[in-house]
Amino acid sequence: MFAGENSSSLPEAKVLAEITDPLQVEFRNVTKLYGAVAAVKDLSLGVHQGEFLTILGPSGSGKTTALMLLAGFVGPSSGDIRISGKSVASVPSYHRDQGIVFQSYALFPHLSVHRNLEFPLEMRGMKAGERSTRVARMLERVHLKEFGDRMPSQLSGGQQQRVALARALIADSPILLLDEPLGALDRNLREQMQGEIKSLHREFGKTTICVTHDQEEALTLSDRIVVMRAGQIEQIDAPEALYDRPTTRFVASFLGEANFLTDREFKIEPNACPAGTIPMIRPERVRITPLTSRLQSDTDERQFISGAVVSMIYAGPLRKYEVRVGSSVLIVREHVAAGQQTFGPGDIVQLELLRSDIRFVAN
Ligand SMILES: Nc1ncnc2c1ncn2[C@@H]1O[C@H](COP(=O)(O)OP(=O)(O)OP(=O)(O)O)[C@@H](O)[C@H]1O
Ligand SMILES: [Mg+2]
């Protein structure tokens, strides 16, 4: 029964919502100082049970530090971290019950694949027979059944990555922490492993916190994304919302490509632009057509601008144009359809912008 369906069931529905959607991890005003540098600054963040949350940000923005604070490898300078509602301030890392894949996936080089997976189970005092069964099952799950006796150095990067994931999953901890889990892999393998991580998440339903600086990976994997900048949260949202409605210039440029419409040629009325913001449009939202005799007239919904094509690049199913408008260069992306006109450098074109596609982001 859904909340609100029947007024007498409301309290019950509320209890249900609390059970199914509790916060498993909570940062409360957490700061981590290294000397004078705040690697993480007054971070407050809740992660729901079963959620896949990605921390995205440029190098040095505090992503690994946030994860290491949660794992208990470093302690906060101030603030509190809670797991399942309880402060873990005095809980050492080995008692925090989390599976971890480190930035450099850190397999034990002197142990076979089988022993690498067995190690966390042994630490928990599991009997040898059960350990072997579990390891065999997990190796099969990550498609490495035949590789148990190999040493890590005898595996490819992708295989090592899968061992690292398997080792993080095997102890059946409720929380999984991944630090750049696919950083060392080439593009194809990375995409394949993204699928693998997604399907493991569906299957095991663990609360997963994943750190990356790869925006595509973040968009593909996550329920929510936290964008970090200089130790602080810049924005937190579902992938689509973050891409479609970035609140700051930093988020707009970090997640995908953004055109900032600051040139007068774009005809943005000053009073349409809230104080402290600049107008922005995504490249795939701009329509490019031939400019025949003259520009179409603007309407309430649309505006038309002329520009000169600077370059055109084929990118698989997409064309990417750079178009000069006044003193700016606008990026336009379009899907290639059969029989569609292509423009080349020097062509004068008409650009069509839907006013509702223009976002105003904090500068
Ligand atoms: N042990 C340390 N001692 C001193 N400064 C540190 C230490 N660890 C991290 N820092 C600093 O804290 C800041 C955040 O580092 P962190 O490793 O969290 O960044 P990151 O977002 O994970 O970066 P990357 O994408 O490069 O892995 C950086 O300025 C870094 O130099
Ligand atoms: Mg890092």
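**Observations concerning the site of ligand 1**
Phase 1: Around ligand 1, the surrounding shell consists of Tyr34, Ala39, Pro58, Ser59, Gly60, Ser61, Gly62, Lys63, Thr64, Thr65 and Gln103.
Phase 2: In the model, an oxygen atom of ligand 1 is placed 2.8 Å from a nitrogen or oxygen of the Gly60 main chain.
Phase 3: One nitrogen or oxygen atom from the side chain of Lys63 is found 2.7 Å from an oxygen atom belonging to ligand 1.
Phase 4: Taken by itself ligand 1 offers 630 Å² of open surface, and the protein chains cover 60% of this.
Phase 5: When residues of the shell around ligand 1 are assigned to their parent elements, the largest contribution, three residues, is made by helix H2 (residues 63-71).
Phase 6: Its residues placed into classes, the shell around ligand 1 shows three nonpolar, seven polar and one charged.

**So, the layout of surface pockets**
Phase 1: Considered as a void within the structure, the largest pocket measures approximately 620 Å³ in volume.
Phase 2: Looking at the largest pocket, it is lined by 20 residues, and the ones nearest its centre are Tyr94, Gln98, Pro120, Met123 and Arg124.
Phase 3: Among the secondary structure elements, those contributing two or more residues to the lining of the largest pocket are strand S6 (98-101), helix H3 (113-123) and helix H5 (157-170).
Phase 4: Residue composition of the lining of the largest pocket, grouped by class: twelve nonpolar, five polar and three charged.
Phase 5: Size it by volume and the second largest pocket reaches roughly 280 Å³.
Phase 6: Taken together, 13 residues line the second largest pocket, and the ones lying closest to its centre are Gln215, Glu216, Leu219, Tyr243 and Gly256.
Phase 7: Counting residues per element, the lining of the second largest pocket draws most heavily on helix H7 (residues 215-221), which supplies four residues.
Phase 8: In terms of residue class, the lining of the second largest pocket is built from four nonpolar, three polar and six charged.
Phase 9: Three or more residues apiece are contributed to the lining of the second largest pocket by two domains, here domain 1 (19-252) and domain 2 (258-362).

Calculation rules
Residues numbered from 1 in each chain as written. Chains lettered and ligands numbered in written order. Predicted model: local features only at pLDDT ≥ 70, side-chain atom pairs only at ≥ 80, totals over all residues. Heavy atoms only, no water. Near = heavy atom within 4 Å. Polar contact = N/O pair within 3.5 Å; in protein donor to acceptor, adjacent residues only side chain to side chain. Areas by Shrake-Rupley, 256 points an atom, 1.4 Å probe, with all protein chains shown as cover. Helix = DSSP H or I, 4+ residues; strand = E, 2+ residues; numbered from the N terminus. Nonpolar A, V, L, I, M, F, W, Y, C, P; charged D, E, K, R; others polar. 1 Å grid on protein atoms, 1.4 Å probe; cavity = no way out; pocket = protein on both sides within 12 Å on 5 of 7 lines; lining within 4 Å. Points joined across faces, edges and corners; volume = space filled by probe spheres on them. Domains from an automatic or database assignment.

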